[in-house]
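# Observations on chain architecture
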Amino acid sequence: HRTNTTTMQPMPALPATHVRWWLSVLVVAYCVYGNKGLRPPTRQRPSPGCATKGCPALPALPAVSTSGTTTVPITTEAAMRGVDGAPVRDCLMPHIAQFNQTWYAYGFGIPANATGDQRYPTCYTSPDLAVWTRRVCSTPAVQVPLWNERTHEFVAFGEDYGSSFASYTSPSPLGPFTKKQQLTAVFGLPGDSKTFVDDDGTAYLIYNRYSGPISQRFAYVYQLNDAYTDILPRTLANTTRVMEGLWMVKHHGTYFLFGSPLVVYDDADDFYLTAPTPLGPWAYRGLIAPAGSRTFDAQVFRGLEVPGPSGKAYVVIATRWCNPYPTHTPPPPAVCPPTCVCHPPFSNATSIWLPLFFNEDNTVAELKWTDSWTLETGGTPSLA
């Protein structure tokens, strides 16, 4: 430490005009802040990611009315839109659910250089179903995770198609998920599969049989255990209907199961079943779209339920593997391939979204084609 021995000179006196100016500043400051009990505003620190290059502007969201209803414009063949307004093309066959006021979509994309049935998983989130943002996620499958209120964790199922299931858990719907266990072997080996959670929290696994003669590849339903990590083998229910795709919903106390004939990547006239409970007995009820339309050249694989003050809005989400679909003579059901005309790599595949309505007798109203429509997230879809 070195001592400074330099003699300090006294500070020169300020001119009288400067003194008066500083006094006036102090008086004004007191009147503004001290006299009114206020403090001077603090300067906000820029967040680390925006300090040097500036923060990007957030996209404008649709106006939300005081009734809690948002009007979302839907383009049937390009329903999901990114923050730039462009269609989202890498979230095919999206499985969508809402957790904590945020919508999560789990789907897959097709590599640009794909030569076969090659896919990669993708996840998106949205606050309003209108603007979707790509997220990093780690899930065992493209299916929607289930929130288990008893265990307070998300449960997802990984499937080795045609072989087995395994359950995984995570504190977040985006993962990472940790393997919990292999599920008890399901009857007939699993093909297409979906899950469904009833109003009382009971969960179910729905799948179509992968093995055996085509004429016996029915859709089956198991109830899951309370932790959602395994099936209860004794609960096996047979729909006695050969079908794939699969989407289950509940409306006015009746359970509806939507699906298609076994056509692999082709299309057909999709149909629905109903039952008084998820475990049946199931009964065939008819087609969901005009006969011969081949469900608008698409295959039902999932749907969307949007709760709101006036009830739920239901949306059918179908996959059009080939877009546009090749001109072809419809093959007989359940013999595809080799008679299918739509084959991988599906570089132009897309999902179509159409509103689903129920008749007064609680049957499904025939789907109507429209290029665009609006979804009222308060619970009422509209074709306007």
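On a predicted model such as this, the values are computed, not experimentally measured, just so you know.

Conventions adopted
Counting restarts for each chain, with residues numbered from 1 along the sequence as it is written. Local features in a predicted model are, by the rule used here, given only for residues with pLDDT of at least 70; side-chain atom pairs are given and counted only at 80 or more, and totals for whole chains, interfaces and linings are based on all residues. For side-chain calculations, the full set of non-hydrogen atoms in the structure is used, while hydrogens and water are omitted. We call two strands paired when DSSP finds no fewer than two bridges between them. Strands here are runs of E lasting at least two residues and helices are runs of H or I lasting at least four, both read from the DSSP assignment and numbered beginning at the N terminus. Only the stretch in contact is used when fitting a helix axis, every axis being a line fitted to C-alpha atoms; angles between N-to-C directions are given from 0 to 180 degrees. Relative accessibility under 20% of the residue-type maximum defines a buried residue, over 50% an exposed one, and the middle range a partly exposed one, all with a 1.4 Å probe and only protein chains included. Two cysteine sulfurs form a disulfide in these notes if their separation is within 2.5 Å. Note on definitions: salt bridges are taken to be side-chain nitrogens of Lys or Arg within 4 Å of carboxyl oxygens of Asp or Glu.

## Describing the sheet that holds strand E5 (residues 133-135)
In a beta sheet, neighbouring strands pair by backbone hydrogen bonds and run either parallel or antiparallel. Taken together, four strands build an open sheet; the order of strands is E2-E3-E4-E5 and the sheet is antiparallel. Sheet topology places strand E2 (92-99) and E5 at the edges, where each strand pairs with a single neighbour. Neighbour to neighbour, the strand axes of the sheet diverge by 30° on average, direction disregarded. Summarising the sheet, E2 and strand E3 (residues 102-109) pair through six bridges and their orientation is antiparallel.

## A word on unusual backbone geometry
Geometrically, the link from glycine 175 to proline 176 is a cis peptide bond, its omega value of 5° lying close to zero. By the secondary structure assignment, proline 176 is in the loop between strand E8 (164-170) and strand E9 (178-182). Its identity as a non-glycine residue notwithstanding, asparagine 100 has a phi of 50°, on the positive side. Turning to its location among the elements, asparagine 100 is positioned in the loop between E2 and E3. Residue classification places asparagine 100 among the exposed residues on the basis of a relative accessible area of 73%. Look at aspartate 297: it is not a glycine, yet its phi comes out positive at around 55°. In this structure, aspartate 297 sits in helix H2 (residues 294-297).

## Observations regarding the state of the cysteines
Working definition: the covalent bond between the sulfur atoms of two cysteines is a disulfide. Taken as a whole and assessed by the stated rule, the structure comprises one disulfide. With no disulfide of its own, cysteine 91 lies closest to cysteine 123 among cysteine sulfurs, the gap being 7.6 Å.

## Considering the pattern of salt bridges
Pairs can form between side chains of opposite charge whenever their charged atoms are close. In total, this model carries nine salt bridges according to the counting rule given. Between arginine 134 and aspartate 90 there is a salt bridge, with the nearest N and O atoms lying 2.8 Å from each other. You can see arginine 134 sitting in strand E5 and its partner aspartate 90 sitting in the loop between strand E1 (71-75) and E2, a full 44 residues away along the chain. Relative accessible area serves as the criterion here: at 15%, aspartate 90 is assigned to the buried category. Residue aspartate 198 is joined to lysine 250 by a salt bridge in which the shortest nitrogen-to-oxygen separation is 3.3 Å. Of the two residues, aspartate 198 is situated in the loop between strand E10 (190-197) and strand E11 (203-209) and lysine 250 in strand E14 (residues 244-251); the sequence distance between them amounts to 52 residues. With a relative accessible area of 10%, aspartate 198 lands in the buried category.

## Digging into the pairing of strand E16 (residues 271-275)
Put simply, side chains in a regular strand alternate between the two faces of the sheet. Along E16, five of the five residues are buried, which leaves the element largely enclosed by surrounding structure. Side-chain alternation along E16 places Phe271, Leu273 and Ala275 on one buried face and Tyr272 and Thr274 on a second face that is also buried. Bridge analysis of strand E15 (residues 254-260) against E16 gives five bridges, and the strand direction is antiparallel. For phenylalanine 258, the partnering residue across the bridge sits in E16 and is tyrosine 272. Where E16 meets strand E17 (residues 283-287), four bridges bridge the pair, whose relative direction is antiparallel. Across the sheet, residue phenylalanine 271 finds its bridge partner in E17, namely leucine 287.

## Quick notes on the pairing of E3
Burial analysis of E3 places seven of its eight residues in the buried class, the great majority of the element. The turn linking E2 back onto E3 is made up of two residues, and asparagine 100 within it adopts a positive phi angle of 50°. Judged from the seven bridges that link them, E3 and strand E4 (residues 120-126) form a sheet pairing that is antiparallel. Directly across from tyrosine 104, in E4, lies its bridge partner threonine 125.

This is a description of form; function is not addressed.
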